[in-house]
Amino acid sequence: VSELIKHDGDAISLSGKDSSLIYAHKKGSSKVEGIEEEIDLGLVGEVDEINSDLLEMLVDNDYIPVISPIGIAEDGPSLNLNADTAAGEVASAVGAEKLIILTDVPGVLRDPSDPSSLIQKIKLQISYSQFSLQRYYFFFTYTNKNKKS
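Everything numeric here is computed off the predicted structure, so don't read it as measured data.

Conventions adopted
- Residues numbered from 1 in each chain as written.
- Predicted model: local features only at pLDDT ≥ 70, side-chain atom pairs only at ≥ 80, totals over all residues.
- Heavy atoms only, no water.
- Buried < 20%, exposed > 50% of the residue type's maximum accessible area, 1.4 Å probe, protein only.
- Helix = DSSP H or I, 4+ residues; strand = E, 2+ residues; numbered from the N terminus.
- Arc of directions from axis to C-beta.
- Polar contact = N/O pair within 3.5 Å; in protein donor to acceptor, adjacent residues only side chain to side chain.
- pLDDT = per-residue confidence, 0-100.
- Contact = heavy atoms within 4.5 Å.

Draft legend 1. Layout of helix α3 (residues 83-93). Where α3 is concerned, the buried positions are Ala86, Ala87, Val90 and Ala91. Buried residues of α3 fall within an arc of 135° about the axis and therefore sit on the same side. You can read the cap of α3 off the contacts: a side-chain oxygen lies 3.0 Å from the backbone nitrogen of Asp84, and it is on Asn82. Among the residues trailing α3, Gly95 stands out with phi positive, at a value near 70°.

Draft legend 2. View of the confidence of the model for the protein chain. In the predicted model, the protein chain carries a mean pLDDT of 78, and 79% of its residues have values of at least 70. Least confident of the elements in the protein chain is strand β10 (residues 136-140), whose mean pLDDT is 46; most confident is strand β2 (residues 22-26), at 95. The low-confidence segment residues 125-149 (pLDDT under 50) makes 42 contacts with residues lying over four places distant or belonging to another chain.

Draft legend 3. A look at unusual backbone geometry. The backbone of Asp8 shows a phi angle near 70°, a positive value even though the residue is not glycine. Mapped onto the elements of the fold, Asp8 is located in the loop between α1 (2-6) and β1 (11-15). With relative accessibility at 74%, the residue Asp8 sits in the exposed group. Notably, Asp62 is not glycine yet its phi reads approximately 65°, a positive angle. Here Asp62 is to be found in the loop between α2 (52-60) and β6 (64-68).

If you want it as structure tokens, here you go:
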């Protein structure tokens, strides 16, 4: 947010919990490679609904919403969301013309541990008549590779 402001953007930081921006549900147990039983991933969620009215109000008033991928469950707990999935759900909910994701990874990989498995081109069948807004939404994802666990 501070970088956007430094470059004359009126940015505002939000989490998906703010004003119930992103409703989500807890993700069920998952099968983990190398482990026979399913594992409960804890407070990990999947997007159910986006409060697009809040985003429209901000964008209509020339604010740039910067959203952290935290959702809120109907019964109140915060849920960690996959950032790319949340970005796609937000873009879809507001009818974004384009979704541009800036990241520090080379792209979509067939095998996340193998950088040479980069998928060079992905074709999507989209009817552009469903998009009414002429806006661009940028989402930044960043993995701090220097961070110590």
